[in-house]
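Listed below, chain by chain, are the residues.
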Amino acid sequence: MTTPHPSLSAAEIERLKAPARRDNIYRILSYFSPLLLLLLWEIAAQAGAIDRRFFPPPSAIAGTAWQMIVSLELFEHIGATLRRVWIGYAIGAVPGVLLGLVLGLSAPLRRVFGPIFAALYPVPKIAILPLILLIFGVGDASKFVVIAIGVFFLMFYNTLGGVMQIPQIYLDVARNAGATRFQTFRRIALPSALPSIFTGLKVAAGSSYIIIAAAEFLGARSGVGFFIWASWQTFAVSRMFVGIVVISAMGYFTILLLEALERRFVPWAKH
Amino acid sequence: MSPTATQLGRNPVPADAAIEVRDLVKAFYDAGGDRITLATTGVNFSVKRGEFVCIVGPSGCGKTTVLRILAGLETLLSGEVRIESATPPAMVFQEASVLPWLTVSQNVAFPLSLKGVSRQKQRERVGELLALTGLTEFADAYPHQLSGGMKQRVSVARALVDDRDVLLMDEPFGALDEQTRLTLQQELLGIWERTGKTVVFITHSVDEALTLADRVLVMSPRPGTIVADLAVPFERPRDVVEMRRDKRFWDLTYEVWRLLAASPEH
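Residues numbered from 1 in each chain as written. Chains lettered and ligands numbered in written order. Predicted model: local features only at pLDDT ≥ 70, side-chain atom pairs only at ≥ 80, totals over all residues.

Engineer: It is not clear to me how the nonpolar core should be interpreted in this structure. Could you clarify?
Structural biologist: If you look at soluble globular proteins, the nonpolar side chains tend to sit buried side by side. Within the largest apolar cluster, 120 residues are counted, with the highest numbers of intra-cluster contacts made by Leu168, Val200, Ala213 and Val216 of chain B. Top contributing element to this core by residue count: helix 6 (residues 140-164) of chain A, with 14 residues. The contact partners of valine 216 of chain B, leaving out residues within four places of it in the chain, are Cys54, Val56, Ala209, Leu210, Leu230, Val232 and Val256 of chain B. (Core = buried A, V, L, I, M, F, W, Y, C linked by C-beta atoms within 7 Å. Buried ≥ 20, exposed ≤ 12 C-beta atoms within 10 Å, placed from the backbone. Helix = DSSP H or I, 4+ residues; strand = E, 2+ residues; numbered from the N terminus. Contact = placed C-beta atoms within 7 Å.)

Given below as structure tokens:
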């Protein structure tokens with residue numbers, strides 16, 4: 001409303017709007033607060049207050065990053081990592097969601113087969129990486145597998161939780177409307193579980209980048225994780241920081257993408 | 001001879017009955033406490049084709065259970081339930097049963113879409129029902145944008161969309177404020193008069209039962225059984241406000257309350 005209310009004075013309107021205006025200022029400042037940290041870092045590094053061997057100033061890191069961008073070296077590593085993450089992610093997520101839906105809808109299947117998943121889930125994915133490297137070799141296949149395993153369990157448990165929280169009344173509605181088993185699955189269980197599935201997709205994306213970094217440390221000739229590890233071996237600390245920033249940004253943009261998809265596909269949920 | 005057959009022999013079934021319930025018993029087993037709870041016992045009633053019947057009773061008396069058995073959502077322990085209809089009964093549920101991921105018109109179309117009715121036919125039929133229930137301008141809204149009264153209108157429209165003969169309503173207006181409830185009662189009466197459905201309507205409100213029904217069945221507390229079957233004499237079409245000037249309305253209110261109060265607590 002931009003038209004002033006006739007019975008309110010200008011001063012009263014000002015007073016009403018003041019808190020909203022203050023909120024706006026805080027929001028704008030919040031975008032810049034991380035930059036303050038970088039600025040302090042830069043000053044401290046330049047002044048010699050922190051050890052430049054471990055914490056090169058952000059300007060030096062930016063310079064290294066620029067060289068790597070110009071030489072296209074950075075994009076090769078980003079491409080290799082992205083390919084591994086997304087293929088592994090897809091291989092893990094699809095069966096995770098499907099099995100989560102099936103076991104969520106069927107109490108007998110859940111009772112009988114649930115313990116298998118419960119027993120395997122706590123195994124740290126990094127701990128089985130050497131085994132996977134042994135079986136699948138040091139190529140991309142082993143990366144797909146280790147990410148798929150991590151993603152599978154997260155998607156399975158998030159979907160299962162989502163399906164089990166479906167209000168009974170929705171299932172009654174479907175039954176009364178004459179839905180078949182498959183229709184109940186497709187038209188009720190899947191949409192009801194979608195908010196939980198998206199939570200799972202976001203958590204799984206975050207954990208995929210953790211797993212791929214570790215996997216590329218140990219057995220890879222390319223990728224951002226390999227590049228961080230190789231920089232450590234040559235004590236190229238600026239390059240190492242570039243790698244850390246890049247892999248963080250990849251995770252961040254993946255989450256942003258998933259959130260945009262969530263707004264598109266779950267328009268009924270409050271965001 | 002089985003007890004069911006004996007009972008049927010004593011109570012001849014009316015020829016024009018749409019619903020027949022004989023000696024219905026329902027019990028639940030609680031595995032944790034190793035306890036059996038009798039929900040209803042010996043429930044007997046019949047509903048004529050095109051009749052509007054309300055079942056009133058205290059909460060927990062098993063009236064919702066009876067309705068869910070009629071709808072085929074729960075199984076009975078013993079007794080007999082017969083529904084003389086070519087189509088299974090349609091149900092309007094107690095709470096918000098509107099599917100939150102579908103728009104109003106998609107919710108109303110839901111039963112049709114399951115049966116593979118063509119989009120064109122769906123659109124036509126949904127348009128009719130949205131007009132009937134006053135939802136036309138909310139066709140593309142999502143349920144979270146609607147008031148409680150609007151959501152229940154969607155439930156009613158969805159139950160009517162595939163034109164089944166029997167309508168089962170489980171306290172559909174229970175969560176609404178009194179004014180909205182009165183409006184929806186008036187609308188429901190209008191819809192019923194036009195469509196001629198057989199309706200079984202569950203409520204805990206004596207007032208609502210008398211406003212809507214041809215007959216009121218009064219249930220006892222758990223284990224529920226029908227303790228009275230009262231005819232409601234008001235002429236149709238009814239005006240839900242004007243009815244309240246009729247002395248018979250208050251006499252019947254008193255009568256039903258007396259029956260509810262007389263039923264012993266278990």
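Engineer: Just to check I follow, could you spell out the packing of helix 7 (residues 168-176) of chain A against helix 8 (residues 181-218) of chain A for this structure?
Structural biologist: A packed helix pair is summarised by two numbers, namely the angle formed by the two axes and the spacing between the axes. All names here are of chain A. With their axes 10 Å apart at the nearest point, helix 7 and helix 8 run at an angle of 155° to one another. Classed by the angle they form, the pair helix 7 and helix 8 counts as roughly antiparallel. Viewed along their axes, helix 7 and helix 8 form a crossing whose handedness is right-handed. The segment helix 7 lies against helix 8, with Tyr170, Leu171 and Ala174 engaging Gln183, Thr184, Arg187, Ile188 and Ser192. Split by residue class, the contact of helix 7 with helix 8 holds four nonpolar, three polar and one charged. (Axes fitted to C-alpha atoms, helices over the stretch in contact; angles between N-to-C directions. Parallel < 35°, antiparallel > 145°, perpendicular 65-115°, else oblique. Left-handed = near helix turned anticlockwise from the far one by under 90°. Nonpolar A, V, L, I, M, F, W, Y, C, P; charged D, E, K, R; others polar.)

Engineer: Help me out: how do you make sense of the interface of chain B and chain A in this one?
Structural biologist: Quite often, the size of an interface is put as the accessible area lost when its parts meet. If you look at the interface, chain B gives 16 residues, while chain A gives 12 residues. Looking at the side of chain B that touches chain A, the element that brings in the most residues is helix 3 (residues 104-114) of chain B, giving three residues. Each residue belonging to the side of chain B that touches chain A can be placed in one class, and the counts come to 12 nonpolar, two polar and two charged.

Engineer: Please clarify how the sheet that holds strand 7 (residues 198-203) of chain B should be interpreted in this entry.
Structural biologist: Hydrogen bonds between backbone atoms are what pair the strands of a sheet, whose relative direction is either parallel or antiparallel. Residue and element names in this part refer to chain B. The sheet built from six strands is open, its strands ordered 5-6-7-3-8-9 with mixed pairing. A strand with exactly one partner marks an edge of an open sheet, and here the two such strands are strand 5 (90-92) and strand 9 (226-231). Strand-to-strand twist across the sheet, computed as the mean angle between neighbouring axes with direction ignored, equals 20°. Where strand 8 (residues 215-219) meets strand 9, five bridges bridge the pair, whose relative direction is antiparallel. Pairing of valine 218 across the sheet is with alanine 228, part of strand 9. (Pairing = 2+ DSSP bridges.)

Engineer: Any chance you could explain the domain arrangement of chain A here in plain terms?
Structural biologist: In terms of domain boundaries, chain A breaks down into domain 1 (10-55) and domain 2 (59-265). The centre of domain 1 of chain A, based on its C-alpha atoms, is set 33 Å off from the matching centre of domain 2 of chain A. (Domains from an automatic or database assignment.)

Engineer: Can you help me understand the pairing of strand 8 of chain B in this one?
Structural biologist: Along any regular strand, the residues point their side chains to alternate faces of the sheet. Residue and element names in this part refer to chain B. Most of strand 8 sits inside the fold, with four of its five residues counted as buried. Across four bridges, strand 3 (residues 52-56) lies against strand 8 in parallel orientation. What sits directly across from isoleucine 55, in strand 8, is leucine 217. Hairpin connection between strand 8 and strand 9: a loop of six residues separates the two successive antiparallel strands.

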